[in-house]
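Secondary and tertiary structure notes
Read off the chains here:
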Amino acid sequence: MAGVQRQAQTEFQFVYWKFSMVDAYRRQLMPQLLTHRLLESLCAGQTLELIRQITGFADILRVDAQATLYRPGNFLTEHTDDHDDAFVRRAAYVIQLCKDWKADWGGLLHFLDARGEVTRTFVPHFNSMALFAVPQPHVVSMVVPFAPGPRFGVTGWFTS
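The rules behind each value
- Residues numbered from 1 in each chain as written.
- Predicted model: local features only at pLDDT ≥ 70, side-chain atom pairs only at ≥ 80, totals over all residues.
- Heavy atoms only, no water.
- Buried < 20%, exposed > 50% of the residue type's maximum accessible area, 1.4 Å probe, protein only.
- Helix = DSSP H or I, 4+ residues; strand = E, 2+ residues; numbered from the N terminus.
- Pairing = 2+ DSSP bridges.
- Axes fitted to C-alpha atoms, helices over the stretch in contact; angles between N-to-C directions.
- Arc of directions from axis to C-beta.
- Contact = heavy atoms within 4.5 Å.
- Salt bridge = Lys/Arg side-chain N within 4 Å of Asp/Glu carboxyl O.
- Phe/Tyr/Trp six-rings, centres within 6.5 Å; stacked < 30°, edge-to-face > 60°.
- Lys NZ or Arg CZ within 6 Å of the ring centre and 35° of its normal.

A separate point is the pairing of strand β4 (residues 75-79). Among the five residues of β4, four are classified as buried, and the element is accordingly described as predominantly covered. Relative to β4, strand β1 (residues 14-15) runs antiparallel, the two being bridged by two bridges. Bridging across to β4, phenylalanine 14 finds its partner in leucine 76. Two elements, β4 and strand β9 (residues 138-140), share two bridges in a ladder whose sense is antiparallel. Of the residues in β9, the one forming a bridge with leucine 76 is valine 140.

Here we come to the sheet that holds strand β2 (residues 17-20). Across the sheet, five strands lie side by side as β2-β3-β10-β5-β8; this open sheet has antiparallel pairing. Each edge of the open sheet carries a strand with a single partner, namely β2 and β8 (128-133). Along the sheet, successive strands turn relative to each other by an average axial angle of 20 degrees, direction set aside. With six bridges connecting them, strand β5 (residues 89-96) and β8 associate as antiparallel partners.

Moving on, we get to helix α4 (residues 45-55). For α4, the complete set of buried residues consists of Leu48, Ile51 and Arg52. Down the axis of α4, the buried side of the element spans an arc of 105 degrees, and every buried residue falls inside it. Turned more than 90 degrees away from the buried face of α4, the exposed residues are Gln46, Gln53 and Ile54. Each element contacted by the buried residues of α4 is listed here: α3 (34-43), β3 (62-70), β8 and β10 (151-159). Looking one or two residues past α4, glycine 56 carries a phi angle of roughly 85 degrees, positive in sign.

Here we take up the sheet that holds strand β6 (residues 109-112). With antiparallel pairing, the five strands of this open sheet are ordered in space as β1-β4-β9-β6-β7. Strand pairing shows two members of the sheet lacking a second neighbour, β1 and β7 (118-122), which therefore form its edges.

Right, let's talk about α3 for a bit. Those residues of α3 not exposed but buried are Thr35, His36, Leu39 and Leu42. Burial along α3 is one-sided: seen end-on, the buried residues are contained in an arc of 125 degrees.

Our focus in this paragraph is the pattern of salt bridges. Side chains bearing opposite charge may pair, as long as their charged atoms lie close to each other. Tallied over the full model, the rule gives five salt bridges. Between glutamate 49 and arginine 52 there is a salt bridge, with its nearest N and O atoms 2.9 Å apart. Of this pair, glutamate 49 and arginine 52 both sit in helix α4, three residues apart, which is roughly one turn of the helix. Overall, glutamate 49 belongs to the partly exposed group, its relative accessible area being 35%.

A few words on the packing of aromatic side chains. Counted by the stated rule, this structure contains seven aromatic pairs. Between phenylalanine 14 and tyrosine 16, the aromatic rings sit 5.2 Å apart at their centres with planes inclined by 45 degrees, giving tilted as the arrangement. The class for phenylalanine 14 is partly exposed, based on a relative accessible area of 29%. Plain terms: the ring middles of tyrosine 93 and phenylalanine 158 are 5.1 Å apart, the flat faces sit at 45 degrees to each other, and that makes the pair tilted. In this pair, tyrosine 93 is assigned in strand β5 and phenylalanine 158 in strand β10, connecting sequence segments 65 residues apart. Residue tyrosine 93 shares its accessibility class with phenylalanine 158, and that shared class is buried. Here the aromatic residues Phe12, Phe14, Tyr16 and Tyr70 are joined through ring pairs into a cluster of three or more. Above the face of the tryptophan 157 ring, arginine 89 is positioned so that its terminal group lies 3.6 Å from the ring centre. The side chain of arginine 151 reaches across the aromatic face of tyrosine 70, ending 4.9 Å from its centre.

Encoded structure:
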């Protein structure tokens, strides 16, 4: 952990737990998982059409998803979600699944300008979705030691 924290001072770094929903679905791991139903809903034609309308990206064809869990001390440093892959990430999303989260517990989604200054912040609110174009600089602040529990969510990308 000390090495990760040192690296985080000067380069991209993260500490959080993640579960690839797409991989689990493809491999049919634990077919009873609710994450499979959520992934099917995100991939549904009407959902993708709604996302195309909201974002203005008519070329969105698929979705990637991972369940995430941020425990005290977990964080995600500045990045843009831009990625070299077979699919182009057009929009990123975060579905918040933690109830009654307070801002002073950390785990906040901060958007940054070109100088690295925070321009907008989203506090996790249960059953909400943040949706934003890629690339866009952002961070997830460290969850504090006194947070009463982990920050749960589903994150991913709508891709072309």
